[in-house]
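Here are the chains, one letter per residue:
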Amino acid sequence: YALEAMQAKGKWQGELPTVFNWVGDGGTYDIGFQALSAAAERNDNYIHFCYNNEAYSNTGVQRSGATPRHCYTTTTPAGKLQPKKNMPLLMLEHNIPYVAQTTFVQNFKDLHTKAEKAIYTEGAAFLNVMAPCPRGWRYNTPDILEICQLAVDTCFWPLFEVIDGEWIVNYVPKKKLPIEDFLRPQRRFKHLFKPGKEELIARIQAEVDRKWEELLAKAK
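A short tour of the structure in this document, coming up. Treat the numbers as computed from the prediction; the structure is a model and nothing was measured.

Here we come to the nonpolar core. For soluble globular proteins, the rule of thumb is that nonpolar side chains tend to be buried together. Counting residues in each nonpolar core, the largest one holds 42 residues, and the members touching the most others are Met91, Phe126, Ile179 and Phe182. For this core, the leading source of residues is helix H9 (residues 198-219), giving 6 residues. Residues within four places of Phe126 in sequence aside, it is in contact with Thr28, Leu36, His48, Cys50, Met87, Pro88, Met91, Ile96, Tyr98, Val99 and Ala100. Among the nonpolar cores identified, the runner-up in size contains 10 residues, and Ala100, Leu111, Leu127 and Val129 belong to it.

Laid out in structure tokens, this is it:
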């Protein structure tokens, strides 16, 4: 918007550059949402990458709007009670032309393809990129690829894109794994595996299943 104003006043010569935002989930889902929403509503020509590790990891791993339900953070030691925001859907409500979800390391081709589409999209583009934080998620750092793969194979983090309102699922697991496979390697969910907590895992599974079926229905 500022660049367009400069161009209109003759203070910017030539073609406008692509504006690239690289922002964490806290800045995207919470403290920066006002500015993000305003830019999306104007359909400014920019790309917003949400580097999503589901917490305020730079400042001590506090809960954010991206933190999933029943997840441990330093401000939710017994587990967060609220579900995470559906940020891709919120961005689509602004009627922007491109929204996608991918992972940072699990599938570089998927990330590269969606980034390229975003670059050549006229108007606003939003990419939600899962980026597991070893300290915040409490897993063994070398297992990052496995964590991301489990996220997509359990459908906790589906890979999809929406192009001008058309929903496309980019990856359907040959065998959809139970959510426990994704939760168990992460100590941020270790409290869920204590006796008597089985119902909480069942609730997470039911929520994942519901959202996955809704996604498939939209893609159809």
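Residue position: Leu3 is located in helix H1 (residues 2-8). Given a relative accessible area of 22%, Leu3 falls into the partly exposed group. In this structure, the C-alpha to C-alpha distance between Leu3 and Val19, residues 16 residues apart in sequence, is 9.5 Å. Apart from the residues lying within four places of it in its own chain, the contact partners of Leu3 are Trp12, Leu16, Pro17 and Val19.

Quick look at empty space enclosed by the protein now. One water molecule sets the probe size; rolling that probe over the atoms shows where empty space is left. Following the criterion strictly, the structure yields 1 cavity of 30 Å³ or more and no others. In this model, the largest cavity occupies a volume close to 30 Å³. Surrounding the largest cavity, Asn53, Glu54, Ala55, Val61, Cys71, Tyr72, Thr73, Gly136, Trp137 and Arg188 form its lining. Taken together, the residues that form the lining of the largest cavity break down as 5 nonpolar, 3 polar and 2 charged.

It is worth spelling out the layout of surface pockets at this point. Approximately 580 Å³ is the volume attributed to the largest pocket. Along the walls of the largest pocket sit 28 residues, with Lys84, Asn86, Phe156, Pro158 and Lys211 positioned nearest its centre. Counting residues per element, the ones that place at least two in the lining of the largest pocket are helix H4 (87-92) and H9. Per-element accounting of the lining of the largest pocket gives the leading share, 9 residues, to H9.

This next bit is on helix H5 (residues 108-119). Over its 12 residues, H5 extends 16 Å from the first C-alpha to the last, a length consistent with the 16 Å expected when each residue adds 1.5 Å. Inspection of H5 places Asp110, Leu111, Lys114, Ala115 and Ala118 among the buried residues, and these make up the whole buried set. End-on view of H5: buried residues confined to an arc of 125 degrees, all on one side of the axis. Facing away from the buried side of H5 by over 90 degrees, the exposed positions are Phe108, Lys109 and His112. As for H5, its buried residues are in contact with strand S2 (46-52), strand S3 (98-103), strand S4 (125-130) and strand S5 (160-163).

Scanning all chains against the criterion turns up 9 aromatic pairs. Geometrically, the ring pair formed by Trp22 and Tyr51 is tilted, given 5.4 Å between the ring centres and 45 degrees between the ring planes. One end of the pair, Trp22, is in strand S1 (residues 19-24); the other, Tyr51, is in strand S2, and 29 residues separate them in sequence. Of the aromatic side chains, those joined through ring pairs into one cluster are Phe20, Trp22, Phe49, Tyr51 and Phe104. A cation over a ring is seen here: Lys84 above Phe156, with NZ or CZ 4.4 Å from the ring centre. If you follow Arg188 out to its NZ or CZ, it ends over the ring of Trp137, 3.8 Å from the centre.

Time to look at the environment of Pro88. For Pro88, the position within the fold is in helix H4. On a C-alpha basis, the gap between Pro88 and Val162 in space is 9.2 Å, while along the polypeptide they are 74 residues apart. Apart from residues lying up to four places away in sequence, Pro88 is in contact with Val99, Gln101, Phe126, Asn128 and Phe160.

Conventions we followed
- All residue numbers refer to position in the chain's written sequence, counted from 1.
- Predicted model: local features are reported for residues with pLDDT of at least 70 only, side-chain atom pairs are reported and counted for 80 or more only, and whole-chain, interface and lining totals are derived from all residues.
- Values shown for side chains rest on all heavy atoms present in the structure; no hydrogens or waters enter the calculation.
- The set of buried Ala, Val, Leu, Ile, Met, Phe, Trp, Tyr and Cys residues whose side-chain atoms join them within 4.5 Å is what this entry labels a nonpolar core.
- With a 1.4 Å probe rolled over the protein chains alone, any residue whose accessible area is under 20% of its type maximum counts as buried; one over 50% counts as exposed, and the rest are partly exposed.
- By definition, any uninterrupted DSSP run of H or I lasting at least four residues is a helix, any uninterrupted run of E lasting at least two residues is a strand, and each is numbered from the N terminus.
- Throughout, a residue-residue contact means that at least one pair of heavy atoms, one from each residue, lies within 4.5 Å.
- Only protein atoms enter the 1 Å grid, on which a cavity is a set of points fitting a 1.4 Å probe that cannot get out and a pocket is an open set with protein on both sides within 12 Å along at least 5 of 7 lines, lining residues being those with an atom within 4 Å of a point.
- Grid points are joined across faces, edges and corners, and a volume is the space filled by probe spheres set on the points.
- Put simply, Ala, Val, Leu, Ile, Met, Phe, Trp, Tyr, Cys and Pro go in the nonpolar bin, Asp, Glu, Lys and Arg in the charged bin, and everything else, Gly too, in the polar bin.
- One less than the residue count of a helix, multiplied by 1.5 Å, gives the span that helix is expected to have.
- Taken from the helix axis, the directions to the C-beta atoms give the arc we talk about.
- Any Phe, Tyr or Trp ring, taking Trp's six-membered ring, that has another such ring centre within 6.5 Å forms a pair; planes under 30 degrees apart are called stacked, those over 60 apart edge-to-face, and the others tilted.
- Here, a charge over a ring is recorded when the distance from Lys NZ or Arg CZ to the ring centre is within 6 Å and its angle to the ring normal is within 35 degrees.

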